[in-house]
Structure formats: structure tokens, C-alpha cells
Amino acid sequence: MDALVTCLVAAVAVLAVVVVVGRARRRPTGPPDGQPTEPPRGGPLRLTPGDRVRIREREYAVSATIRLVEGDWSWVQHLLDDDAGTRHRLSVEDGPEVELVFWTAEPGATVTPGAPTIELGGRRYTWAETGQARYTATGETELPSTGTMRYHDYQSGGAARLSFEAYGEEGWRVARGDLLDPADLTIRPPQA
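Definitions and cut-offs
- Residues numbered from 1 in each chain as written.
- Predicted model: local features only at pLDDT ≥ 70, side-chain atom pairs only at ≥ 80, totals over all residues.
- Heavy atoms only, no water.
- Pairing = 2+ DSSP bridges.
- Helix = DSSP H or I, 4+ residues; strand = E, 2+ residues; numbered from the N terminus.
- 1 Å grid on protein atoms, 1.4 Å probe; cavity = no way out; pocket = protein on both sides within 12 Å on 5 of 7 lines; lining within 4 Å.
- Points joined across faces, edges and corners; volume = space filled by probe spheres on them.
- Nonpolar A, V, L, I, M, F, W, Y, C, P; charged D, E, K, R; others polar.
- Core = buried A, V, L, I, M, F, W, Y, C linked by side-chain atoms within 4.5 Å.
- Buried < 20%, exposed > 50% of the residue type's maximum accessible area, 1.4 Å probe, protein only.
- Contact = heavy atoms within 4.5 Å.
- Phe/Tyr/Trp six-rings, centres within 6.5 Å; stacked < 30°, edge-to-face > 60°.
- Lys NZ or Arg CZ within 6 Å of the ring centre and 35° of its normal.

Quick word on the pairing of strand β1 (residues 52-55)
As paired strands, β1 and strand β2 (residues 58-70) are joined by four bridges and run antiparallel to one another. Paired with Ile 55 across the bridge in β2 is Arg 58. Here β1 folds back onto β2, and the loop between the two strands holds two residues, one of which, Arg 56, carries a positive phi near 55 degrees. As defined by bridge partners, β1 adjoins strand β11 (residues 185-188) across four bridges and the pair is classed as antiparallel. Counterpart to Arg 54 in the pairing with β11 is Thr 186.

Listed below in C-alpha cells is the structure:
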């Protein structure tokens with residue numbers, strides 16, 4: 001009889017552990033009010049003009065930030081200048097995983113958006129998404145501080161991107177991009 005009681009007590013203890021572990025796994029990891037957690041200071045979403053970043057083996061200064069909102073979705077674009085004065089863009093999309101894309105302008109491109117596929121620079125890009133967002137800009141953007149932006153995005157292979165953007169009533173800006181691994185980006189401390 002003692003063996004039966006001992007087995008029952010052990011079974012109840014194991015069941016209790018299973019229930020507690022199951023509840024802990026279902027518990028939300030974010031704040032209790034359901035709001036997204038703030039990225040740590042210095043994360044790619046929180047860069048501001050004057051910050052410096054290293055992407056792969058090159059240094060860039062953040063000269064401007066454009067925050068975009070489309071419905072429930074938002075993303076950030078940081079304008080980056082290299083030592084040669086060439087302007088690039090780092091887009092940061094927050095989701096289940098942060099997506100980073102490093103963009104280089106293609107000012108001489110003669111392609112326009114809208115087709116299901118586009119050829120540029122010997123690569124074929126396939127349409128991915130189209131939309132319109134509201135933006136706010138800070139820093140040296142040459143844009144009004146607020147407005148709207150239309151876009152068409154294309155992809156090729158796993159990491160190559162092609163983007164068309166038009167701010168306000170201006171024409172299309174074309175840029176080619178590369179999807180970055182988060183390890184490719186290092187945020188430098190602000191210079192004193």
C-alpha cells in the first residue's frame with residue numbers, strides 16, 4: 001500500500017511540474033499591456049543623426065532618419081554617408097525578427113516600377129510588395145519633415161533587393177539593396 005501511495009504522490013508531482021512548465025511557455029514575453037518592447041538604446045531602430053555605424057568593413061555616419069508608418073506596420077530608414085560622400089540607406093523593419101537592408105542609390109537607372117519582373121544590372125527582380133506610407137524625417141533629408149511616400153519593392157534570390165520610392169509628388173528614386181545579417185552591423189559609440 002505504501003508503494004501505491006508513493007507512486008500516486010510521484011505522479012501528481014510530475015503532473016504539477018508539467019502544468020507549471022506549460023503555463024510558463026505560454027506566458028507572453030513582452031510587457032503586460034501588450035505594447036512592443038523598446039529596443040535597447042543604440043539598437044538599429046533607435047539610431048539618430050550623428051550616430052556612426054560599421055556595415056561589414058566600412059564606416060558610415062547617420063545623417064538623417066525617416067520613420068514610416070503604413071497601417072499597423074512601421075519601419076525606419078537611416079541615411080548614411082561614407083567617407084567619400086556617397087549616400088546609402090539602411091532600412092530597419094521590426095517584426096518577429098529585425099530585417100536590415102543596406103541600399104545604394106541607382107540614379108542612372110531607367111527602369112520604372114509596376115511590372116511583375118524587372119531586369120537591372122544583369123539581375124532579374126520579382127515584385128514583392130507595393131504601398132504608400134506616411135513619414136516623418138529628421139536630419140539632412142532634402143525632404144519636408146512630414147509627408148507621404150509611395151513604394152514598389154522587388155527581390156532577387158535570397159538577399160538582393162530593388163526599391164522604387166517616390167516622396168510626395170517627386171519621381172521615382174531607384175536603389176539596389178542587400179539583406180544584412182545582424183552580425184554585419186556594428187553601432188559605434190557617439191564621438192565626443
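Some thoughts on the layout of surface pockets
One number sums up the size of the largest pocket: a volume of about 390 Å³. The wall of the largest pocket is formed by 20 residues, among which Arg 87, Arg 89, Ala 105, Arg 173 and Val 174 lie closest to the centre. Of all elements in the fold, only β4 (87-93), β5 (99-105), β9 (160-167) and β10 (173-180) reach the threshold of two or more residues within the lining of the largest pocket. Each residue belonging to the lining of the largest pocket can be placed in one class, and the counts come to eleven nonpolar, three polar and six charged.

A look at the nonpolar core
Counting 14 residues, the largest nonpolar core has Val 53, Ile 55, Leu 80 and Leu 90 as its most contacted members. Beyond its immediate stretch of four places on either side in the chain, Val 53 contacts Leu 47, Arg 58, Glu 59, Tyr 60, Leu 80, Leu 185, Thr 186, Ile 187 and Arg 188. Counting ten residues, the second largest nonpolar core, distinct from the first, contains Ile 66, Leu 68, Trp 75 and Ala 133.

Thoughts on the environment of Gln 155
Checked against the element boundaries, Gln 155 lands in strand β8 (residues 146-156). Exposure remark for Gln 155: the relative accessible area of 36% places this residue in the partly exposed category. Through-space distance from the C-alpha of Gln 155 to that of Arg 124 is 8.4 Å; in sequence the pair is 31 residues apart.

Looking at the packing of aromatic side chains
The relation between two aromatic rings is expressed through the spacing of the ring centres and the mutual angle of the planes. Throughout the structure, instances matching the rule amount to six aromatic pairs. Both rings, one in Trp 75 and one in Tyr 151, keep their centres 5.7 Å apart while their planes meet at 75 degrees; by these two values the pair is edge-to-face. Of this pair, Trp 75 sits in strand β3 (residues 73-81) while Tyr 151 is found in strand β8, placing the two residues 76 residues apart along the sequence. You can call Trp 75 buried: its relative accessible area is 6%. On the basis of relative accessible area, Tyr 151 is assigned to the buried category, the value being 4%. Seen in terms of ring centroids, Tyr 135 and Tyr 167 are 5.3 Å apart; in terms of plane orientation they differ by 85 degrees. Their pairing is edge-to-face. In this pair, Tyr 135 sits in strand β7 (residues 123-139) while Tyr 167 sits in strand β9, placing the two residues 32 residues apart along the sequence. Looking at Tyr 135, the relative accessible area reads 5%, which means it is buried. Directly above the ring of Trp 172 sits Arg 150, whose terminal nitrogen or CZ lies 4.8 Å from the centroid.

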